[in-house]
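# Chains, contacts and geometry: an overview
Read off the chains here:
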Amino acid sequence: MRQRFREDIFLEDAEKLHLTFDDTWIYSSIEDADVRARLGEFVEYEPLFSDVLDEICAGIVGRTLFRIIATKSAAHMGGKKIGLINYDGEVSVYSRKDFAVATNRAMFDERGNGLNSRQYYYINDKGEIETKGKTLASALFHEFCHALHDIEKISEITDLGELHRSNTILAYTWDSAEELRTITGCVYGGRYDPICDHCFDLCNSIVTQHPFHPRYSHKGFDVTTPPVDERNGRRQLLAYLSESQRIMDGWKKYLL
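Conventions and cut-offs
Residues numbered from 1 in each chain as written. Predicted model: local features only at pLDDT ≥ 70, side-chain atom pairs only at ≥ 80, totals over all residues. Heavy atoms only, no water. Pairing = 2+ DSSP bridges. Helix = DSSP H or I, 4+ residues; strand = E, 2+ residues; numbered from the N terminus. Axes fitted to C-alpha atoms, helices over the stretch in contact; angles between N-to-C directions. Salt bridge = Lys/Arg side-chain N within 4 Å of Asp/Glu carboxyl O. Buried < 20%, exposed > 50% of the residue type's maximum accessible area, 1.4 Å probe, protein only. Polar contact = N/O pair within 3.5 Å; in protein donor to acceptor, adjacent residues only side chain to side chain. Contact = heavy atoms within 4.5 Å. Phe/Tyr/Trp six-rings, centres within 6.5 Å; stacked < 30°, edge-to-face > 60°. Lys NZ or Arg CZ within 6 Å of the ring centre and 35° of its normal.

### Regarding the pairing of strand E2 (residues 82-86)
For strand E1 (residues 43-45) and E2, the ladder comprises three bridges, and the chain directions are parallel. Bridge pairing in E2 links Glu44 to Gly83. The pairing of E2 with strand E4 (residues 100-103) spans four bridges and is classified as parallel. Looking at E4, one finds that Asn86 is bridged to Thr103.

### So, the sheet that holds E2
If you walk across this open sheet you meet the four strands as E1-E2-E4-E3, and the pairing is mixed. Of all the strands in the sheet, just E1 and strand E3 (93-95) have a single pairing partner and so form its edges. In this sheet, adjacent strand axes meet at a mean angle of 20 degrees when their direction is disregarded.

### Brief notes about the pattern of salt bridges
Applying the stated criterion to the full structure yields 18 salt bridges. Across the pair Arg96 and Asp150 runs a salt bridge, and its minimum N-O distance is 2.9 Å. With Arg96 in the loop between E3 and E4 and Asp150 in helix H6 (residues 136-152), this residue pair connects regions lying 54 residues apart in the sequence. Under the relative-accessibility criterion, Asp150 is labelled buried at 7%. When the shortest N-O distance is used, the salt bridge between Glu230 and Arg234 registers 2.8 Å. Note that Glu230 and Arg234 are positioned in helix H12 (residues 227-239) at a spacing of four residues, about one turn of the helix. What makes Glu230 buried here is its relative accessible area of 11%. Residues participating in the shared-partner salt-bridge network are Asp23, Lys72 and Glu152.

### Some words on the side chain of Thr71
Here Thr71 lies in helix H5 (residues 60-76). Engagement of the side chain of Thr71 in a polar contact is seen with the backbone oxygen of Arg67, the distance being 2.8 Å. Contact partners of Thr71, with chain neighbours within four places excluded, come to Leu19, Asp23, Ile26, Tyr27 and Ile30.

### Quick look at the side chain of Arg181
Relative to the helices and strands, Arg181 resides in helix H10 (residues 177-184). The buried category is assigned to Arg181, whose relative accessible area is 3%. For Arg181, the contacting residues outside a window of four places in its chain are Leu17, His18, His149, Ile154, Glu156, Cys186, Val187, Asp193 and Cys196.

### Observations regarding the packing of aromatic side chains
If you walk through the whole model with that rule in mind, you get nine aromatic pairs. In this structure an aromatic cluster arises from ring pairing among Phe5, Phe10, Tyr192 and Tyr254. Above the ring of Tyr27, the side-chain terminus of Arg67 is found at 3.8 Å from the ring centroid. Across from the ring centre of Tyr172, 4.3 Å away, lies the NZ or CZ of Lys219, which sits over that ring.

Remember that the coordinates give geometry; whether it matters functionally is a separate question.
Listed below in structure tokens is the structure:
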């Protein structure tokens, strides 16, 4: 039987974590089914991003992220639109100063698949590190998560040294509590945020019927890294895997 994403549990958890009582009336005025059609009301974007926004909004995780961003922006930023812009940088970023996500469309092919200069890591069935292809949709979703956390002024984005002070192994693997939360959903301290890369990728894999490989580590493959350094980096990440395994399973709650 085909696996399904537990949308009801996902929405319950996401709304409980992200919405205040005052947020709910704004949020409820944006119907899930209308998110893509109304996206221009919340996001200022160039036409070349229309296809990838279709892709992000194809699943409930992406649509809910945009609903919550729109809600928070209306409540705390006077309804200011968040930008999505094309630039000539080497990485996708969220700019707090510009209140915009920026990416270089040339880093991805026509279908939105990342070129091979930089890729993510995941753990295969043999317990080995392999590369996980970066996509434009996954990169933009990740940066919009950072934007949401910035609007909410959560501790993970405002206190970037928290993880380094409390767990140096997790800090090496994930770089910061903000990246740990954005990628895995693990809110350092015990809670779980389903608005995260793992849930987005899981939902997308079910929609597209492609294999699901949850990302491991904020680090990844970079073609400019000397091969010996890249191999040593993988070995260290494998040595640190046991520390992360217990916090990388939150997505399983939403799989039926």
